[in-house]
Amino acid sequence: MNKKPEDTALIKKKMVQLAEEIRFHNRAYYEQDAPIISDADYDKLFLELLELEAAWPKLVTENSPTRKIGGAVDAHFTQVKHPAPLLSLDNAFSIGDVEAFCTRLNKASGKNQLPLLIEQKIDGLSLAITYEYGVLTLAATRGDGQTGENVTANARTIAALPKHLKEPTPLLSVRGEVFMLKTVFAELNSAREENGEALFANPRNAAAGSLRQLDAKITAERNLSIFLYDILAYKDKQPAPATQKELLQYLDNLGLPVNNKYALLSTTEDIAAYILQYQENRHQLPFDTDGLVLKLNDLAAREAIGATIRAPRWAIAYKCPPEEAETIVEDIIIGVGRTGTLTPTAILAPIKVAGSTISRATLHNEDMIREKDIRIGDTVLIAKAGDVIPEVLRVLTEKRNGSERPFVMPKYCPACGNPVKREQGEAAWRCNNPACSARLLESLQHFVSKKAMDIDGLGSAVLQLLLDHGLIQDMADLYYLEEEKLATLPRLGAKSAANLLEAIERSKTQPLSRLINALGLRFVGEKGGQLLALSFIDMESLAQSSLEELEAIEGLGEKTSQAVSNWFKEKENLKLLEKLRLAGVNMLGEKPVQEGALTGKTFVISGVFPGISREQAKDIILSAGGKVTESISKKTSYLLLGDNGGSKATKADKLGIAIIDWEGLQDLLKSFP
Ligand code: IVH
C-alpha cells in the first residue's frame, strides 16, 4: 500500500472518529444497558477500526477501544478486583474466519488439528462468582475486565445459582453468563408496556438492567438464569481440570449450572457442518444466542498459546449473521389495552424472519414512531428482538418515493371515542374511560386467561358475542349467565353453552391469588396476586387494608401498593367485588393460618350480635384457624346464629348441623389449650 503523508492524516482522523463512535456505543451498551445500534452494526464499526489498525499499526493508540474491554464501573456499586482478568473474545463472521483461526492454532501448537470444544454463545452478561469453602461470597460484573461492580446481593437472587456448593472446596472463582429466557423477556416487556414503562431492547439488556439494580428485590422479580463456563481461581486438593470438557463436568458436579449442549470436534469440516446446522436451529432455543464460542479443549495448550491484552488467542466467537428482512409498512393501527394504553402496531407486508412469517410489529408508542420516523408506505428493516418479538429496526429512507404518509396519534379513543390523554412522564396515550368497549374486552380476556381464572372456551370471539348481545357488561356478569339465553346465541349451541357454564362454575373455586391477578389491578400480575393473597385472610381484609399495611408487604413495592390502595377506593370496583362474592366466587386468602381452636372447622354466620359486627365475628373465627363460608352445606361444622337469623337455622336443622350462639363460640375458643 502506498502510504503518502496526507493519507496518514486522513486515516488517523478516520480512526479517531471510529474510536469515538465505538466508545459512545460502549457506554450505551455496557453502562446504560440501552444500545442504540444493533450488535451487527457495532461489530462492523469494530471490524473497520481493527482493519485500519492492522494496516497502520503505527497509528494505533494506547487507549484504542480495540484494546479495552467493556465499559466503566458504575459509581453506585462498590468495585471488585477480579482474581483473573475477564477477557473478551475475538470474532469470526464466516466459516473462512473460523478456518483461519484453526490454521493459527495449528501453527502455534505445531499440531495438525486440535480438538475444540464448541459452546453456545449466550447473549447475556458476564458475571464472576467466588465461593469460599463452598459458600457464595462474591459476585461481580465484568466492568472493564480488571475491576467489576459488586452485585453479590443481586446475584444471590438468581434461583439457578447455588448459594452453597455440593463440595466445600477452599476456593473457587468461576465465570459465567447471566441471561433472561425469551419467555421471561416477552412477559416482562409486555407488563412494562402495559404500565407505560420504558421497554428493554432485548433479553440481554433486560438481564443486564435487572442484575445492575440497586434494589436486589427487583433483581429477584426478574427471574434471571445463568450458565457457568470458566474458572478464574481454583484451590482444591484434587488437581484442576485438564480440559474445557472436564472443567464443565467439574462445575456440574459441584451443582453449578452449565450448558451441556456442547460439541468436541477436531476437523474443520466437522466444525463447519456443526456451525451451519446450529445456525439453522438456534431460534428454537429458549434463550438468545448470538453465535458459538470455539475453545481449545486442552487447558495446558491454552497457556502456551496465551492471550492479547483484550482476548485469548485460543478461543474465537463465531457470530451468526443477524436475521433481518426488508418489508413495507402497509398501515399503522391502534390497539387499546386493558389499562387503556393506546399501542400503535405496524401492519407489514408478510415476510419470513428467523423461522416464522411476520405481518405485524408493535411500534410501542408515539415517541418510538417519531424517533425512527416511520411512515405508512415506508420500506423498513425488521428483525426479532430477543429472537421473539418482531421489531422495526429502521426505515430505509433511500427507498422513499414521496408517497409515504406520516402517522398521527389519534386524539380520541378508536374504540369508544373518548378523548385520550398522555400523562407527564409517561410514554403512552391512554383512554381513561373505564367503560370503553376495547378495554372491557381486553379486561375480560385477561380475566378468563390461563394464569387468571382459567375459563376454557371463552376466547375473544365468544366474549365479543356475549358483549354484543348485552349478556355481560363486566367480569362478574359471567357468573350470572343463563343456559337458555346462551344456547340461542349464533354459533354457540346447547352443548357448548353447557360446557361453558361448567367451566365458569369451576372457576369459582380458583385461589384468591388468581382472582386478584384476574381483576387486572395496575402493576399487579401473577406474582403480585400471590403476594397479596398470602398476606390477607380474605378479599375483605385486603380491601380494607391501609396503604402502610400494603407497603409493609415484602416484595410489593411502593408504586404497586399505591395502585392497589387506589383500586379498592373506587366504588365501581367494590361493587364488582360484591357481585363476584354473591355469585360464590372464592374470596378466601392463602395466608397460612396458625393452628387454632377452630382449625378444620367451617362456620356460617347468620343474624346480628349485640356490639359485634359480622366482620369482627368473621375475623375472630379466621384468626383462630376456622373458615367462614356464605351458605350452609354438608361441609358446614357450625352455624353461628345471632338475632333474626331464621332461614339459615331451618336449613342447618335439616342437615343436622350444630347451631351455636356467641357464648357457644367463646366456649369453643376456650377449649383450645
Ligand atoms: S468464553 C476467556 N464462553 O461472550 C474466555 N464467553 O463476546 C472468554 N459469552 O465476554 C469468554 N457465552 O460474556 C465464553 N460459552 C461462552 C460464552 C461467552 C457467552 C460471552 C462472554 C464474553 C462475550 C464475548
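Below is a summary of the structure that appears in this document. In every chain, residue numbers begin from 1 and rise along the written sequence. Note on the predicted model: pLDDT of at least 70 is required for a residue's local features to be given, and 80 or more for side-chain atom pairs to be given and counted; whole-chain, interface and lining totals, by contrast, use all residues. Think of the side-chain values as coming from all heavy atoms in the structure, minus any hydrogens and water.

### Observations concerning the packing of aromatic side chains
- When two rings of Phe, Tyr or Trp (its six-membered ring) have centres within 6.5 Å they constitute a pair, described as stacked for plane angles under 30 degrees, edge-to-face for angles over 60, and tilted for the intermediate range. Counted by the stated rule, this structure contains 10 aromatic pairs.
- Ring centres 5.1 Å apart and planes at 35° place the aromatic pair F179 and F227 in the tilted group. Of this pair, F179 sits in strand β7 (residues 171-179) while F227 sits in strand β8 (residues 225-235), and the two are 48 residues apart along the sequence. We note that F179, like F227, is buried.
- On the numbers, 5.3 Å between centres and 25° between planes, the contact of F603 with Y638 is stacked. Only DSSP runs of H or I covering at least 4 residues are called helices, and only runs of E covering at least 2 are called strands; the numbering of each starts at the N terminus. For the exposure calls, accessible area comes from a 1.4 Å probe over protein chains only, and a residue counts as buried if that area is under 20% of its type's maximum, exposed if over 50%, partly exposed in between.

### Observations concerning the side chain of T289
- Within the secondary structure layout, T289 lies in strand β10 (residues 289-296).
- Working rule for contacts: check all heavy atoms of both residues, and any pair within 4.5 Å makes them a contact. Filtering out sequence-adjacent residues up to four positions away, T289 remains in contact with Q120, K121, I122, D123, Y278 and R282.

### Brief notes about the site of the ligand
- Lining the immediate surroundings of the ligand are 15 residues, of which E119, S126, R175, E177 and K295 lie closest.
- The side chain of R175 places a nitrogen or oxygen atom 2.9 Å from an oxygen atom of the ligand.
- Throughout this description, a polar contact denotes any pair of N or O atoms lying within 3.5 Å of each other; where both atoms belong to protein, one of them has to be capable of donating a hydrogen while the other can accept it, and for residues adjacent in sequence the pair is counted only when both atoms sit in side chains. Between the ligand and E177, the relevant distance is 2.7 Å, taken from an oxygen atom to a side-chain nitrogen or oxygen of the residue.
- Only the protein chains shown count as cover for residues, and the accessible areas themselves come from Shrake-Rupley with a 1.4 Å probe. Compared with its free state, where it exposes 530 Å², the ligand has 92% of that area covered by protein.
- Residue assignment for the shell around the ligand shows that the elements contributing at least two residues are β3 (116-122), β7 and β10.
- Per-element tally for the shell around the ligand: the top contributor is β3, with 4 residues.
- Considering only residue class, the shell around the ligand consists of 7 nonpolar, 2 polar and 6 charged. When we say a residue is near a molecule or strand, we mean one of its heavy atoms is within 4 Å of it. Each residue gets one of three labels, nonpolar for Ala, Val, Leu, Ile, Met, Phe, Trp, Tyr, Cys and Pro, charged for Asp, Glu, Lys and Arg, and polar for the others, Gly among them.

### Observations regarding helix α21 (residues 571-582)
- Taking 1.5 Å of rise per residue, the 12 residues of α21 would be expected to cover 16 Å, and the 17 Å separating its terminal C-alpha atoms lies within 8% of that figure.
- Taken residue by residue, α21 has N573, L576, L577 and L580 as its buried positions. The arc that holds the buried residues of α21, viewed along the axis, is 100°, so those residues lie on one side. Away from its buried face by more than 90 degrees, α21 exposes K571, K575 and L582.
- Contact partners of the buried residues in α21: α12 (437-448), α16 (512-519), α18 (539-543) and α20 (558-567).
- G584 occupies a position one or two residues after α21 and carries a positive phi of about 95°. Here, expected helix span is obtained from the residue count minus one, scaled by 1.5 Å. Arc definition: it is the arc formed by the directions from the helix axis to the C-beta atoms.

### Side note on the pairing of strand β4 (residues 125-132)
- The element β4 is extensively covered by neighbouring structure, given that 7 of its 8 residues are classed as buried.
- Strands qualify as paired when DSSP identifies two bridges or more between them. When β4 meets β7, the two strands line up antiparallel, connected through 8 bridges. Paired with L125 across the bridge in β7 is V178.
- Strand direction decides the pairing type here: β4 and strand β5 (residues 135-141), joined by 6 bridges, are antiparallel.

### Notes on the sheet that holds strand β24 (residues 658-660)
- Strand order in the open sheet formed by 4 strands is β22-β21-β23-β24, with parallel pairing between adjacent strands. Only two strands of the sheet have a single partner each, and these edge strands are β22 (627-629) and β24. Recorded for the sheet is a direction-independent mean angle of 35° between the axes of neighbouring strands.
- Of the strand pairs in this sheet, strand β23 (residues 638-641) and β24 are connected by 3 bridges, and their pairing is parallel. Within β24, the residue paired with L640 across the bridge is I660. As a rule, the C-alpha atoms of each element are fitted with a line to give its axis, helices using only the stretch in contact, and angles between N-to-C directions run from 0 to 180 degrees.

Treat this as a map of the structure, not an account of what it does.
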